[in-house]
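Survey of secondary and tertiary structure
Chain by chain, the residues:
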Amino acid sequence: MTQILNNTVMMPEFKPVFIGGKEGYNVYRIPALIKAQNNDLLAVCEGRKSMADAAENNFVLKRSRDNGRTWDPLEVILSDGRNSLNNPCITVVEPSGKIILIYQVYPFPEKEFSVKPGLDGEKIMRCFMISSSDHGKTWTKPRDITNSTKRTTATTTASGPGDRKSTRLNSSHGKLS
């Protein structure tokens, strides 16, 4: 956001958060950014070995405690061996502050156009969710949500990229809105 201070236009300062070839990954893709309830900024994205969508991707996180002026070192928050983690979509649930991250897994060596339709099997793209109740410091084990997020005739889905400032849990039906 541009600010005017003493009749001088102050332009925002831009700082790269993820830089390809640094901190263990050749490529960073599909970034998402949220502000946790403790005011930390959490930047999440795919850490990739190459530009390919299915490059044995992991999910990585960087945290800023000073509104983006500085960033903590990169940490891997989720890895699945040679399988590829894709399309992180992250949100904060109010009023609890719980953070939810939804994503897809492509089984190695499958790619987006080689997976099969359906909900079960070896060559199936699956959907998962992890969450954090401590502002992204620790994360739950992945929970398979494929049956509730993917049509049986679909080969793939894409939850992201994306982020939401906040989401509320509708107590009348137990769904996020």
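An account of the accompanying structure is given in this report. Everything numeric in this text was worked out from a predicted model, so none of it was measured.

1. Let's talk about the overall build of the protein
Along its length, the protein carries 1 helix and 12 strands. The linear arrangement of helices and strands in the protein, starting from the amino end, is β-β-β-β-β-β-β-β-β-β-α-β-β. Residue burial in the protein is summarised as follows: out of 177 residues, 42% are buried. Partitioning the intrachain contacts of the protein with sequence separation of at least 6 by distance along the chain shows that 50% fall at a separation of at least 24.

2. Quick notes on the environment of Arg 143
Note on placement: Arg 143 falls in strand S10 (residues 143-144). Taking the C-alpha atoms as reference, Arg 143 lies 5.2 Å from Met 129; in sequence the two are 14 residues apart. Each residue touching Arg 143, except ones within four places of it in the same chain, is listed here: Cys 127, Phe 128 and Met 129.

3. Observations concerning unusual backbone geometry
Excluding glycine, a negative phi dihedral is what most residues carry, and trans is how most peptide bonds are arranged. Residue Pro 95 is bonded to the preceding Glu 94 through a cis peptide linkage, with omega at 5 degrees. You can see Pro 95 is positioned in the loop between strand S7 (84-94) and strand S8 (98-106). The amide bond that connects Phe 108 to the next residue, Pro 109, takes the cis arrangement and shows omega of 5 degrees. Summarising the element assignment, Pro 109 is placed in the loop between S8 and strand S9 (126-132).

4. Digging into the side chain of Ser 131
Mapped onto the elements, Ser 131 comes out in strand S9. Of the residues examined, Ser 131 reaches a relative accessible area of 8% and is grouped as buried. Apart from residues lying up to four places away in sequence, Ser 131 is in contact with Lys 98, Ile 99, Ile 100, Thr 138, Trp 139 and Thr 140.

5. Comments concerning the sheet that holds strand S4 (residues 41-48)
As summarised here, the arrangement of the 4 strands in space is S3-S4-S5-S6, forming an open sheet in which the pairing is antiparallel. In this open sheet, the two edge strands, each paired with only one partner strand, are strand S3 (27-35) and strand S6 (75-78). Averaged over all pairs of adjacent strands, the angle between their axes in this sheet comes to 35 degrees, without regard to strand direction. Taken together, the 7 bridges between S4 and strand S5 (residues 58-64) define a ladder with antiparallel strand orientation. Looking across to S5, one finds that Leu 41 is bridged to Ser 64.

6. Let's talk about the packing of aromatic side chains
One pass over the full model with this rule turns up 4 aromatic pairs. Note on Tyr 25 and Tyr 28: the rings are 5.8 Å apart at their centroids and 65 degrees apart in plane angle, and the pair reads as edge-to-face. Residue Tyr 25 shares its accessibility class with Tyr 28, and that shared class is buried. Centre to centre, the rings of Tyr 103 and Phe 128 are 5.9 Å apart; their planes meet at 20 degrees, and the pair counts as stacked. Here Phe 128 lies in strand S9 and Tyr 103 lies in strand S8, a separation of 25 residues in the sequence. On the basis of relative accessible area, Tyr 103 is assigned to the buried category, the value being 2%. The class for Phe 128 is buried, based on a relative accessible area of 16%. What links up through ring pairs into an aromatic cluster is the set Phe 18, Tyr 25 and Tyr 28. Positioned above the aromatic ring of Phe 108, the side-chain terminus of Arg 82 is 3.8 Å from the ring centre.

7. Regarding the pairing of S3
Pairing of S3 with S4, which is carried by 7 bridges, proceeds in the antiparallel orientation. Paired with Leu 33 across the two strands is Ala 43, which belongs to S4. Linkage of S3 to S4, two consecutive antiparallel strands, is achieved through a turn of 5 residues, within which Asn 39 is found at a positive phi near 80 degrees.

Parameters at a glance
- All residue numbers refer to position in the chain's written sequence, counted from 1.
- Only residues with pLDDT of at least 70 are given local features in this predicted model, and only at 80 or more are side-chain atom pairs given and counted; all residues enter the totals for whole chains, interfaces and linings.
- Just so you know, side-chain values use all the structure's heavy atoms and leave hydrogens and water out.
- Segments assigned H or I by DSSP are reported as helices when at least four residues long, segments assigned E as strands when at least two residues long, and all are numbered from the N terminus.
- Whether a residue is buried, partly exposed or exposed follows from its accessible area with a 1.4 Å probe, protein chains only, as a fraction of its type maximum: under 20%, in between, or over 50%, in that order.
- Any two residues having at least one pair of non-hydrogen atoms within 4.5 Å are treated as being in contact.
- Pairs of strands are assigned from DSSP output, requiring at least two bridges between the strands.
- As a rule, the C-alpha atoms of each element are fitted with a line to give its axis, helices using only the stretch in contact, and angles between N-to-C directions run from 0 to 180 degrees.
- The criterion for an aromatic pair is that two Phe, Tyr or Trp rings (for Trp, the six-membered ring) have centres within 6.5 Å, with stacked assigned to planes under 30 degrees apart, edge-to-face to planes over 60 apart and tilted to the rest.
- Either the NZ atom of lysine or the CZ atom of arginine qualifies as a charge over a ring when it sits within 6 Å of the ring centre and within 35 degrees of the ring normal.

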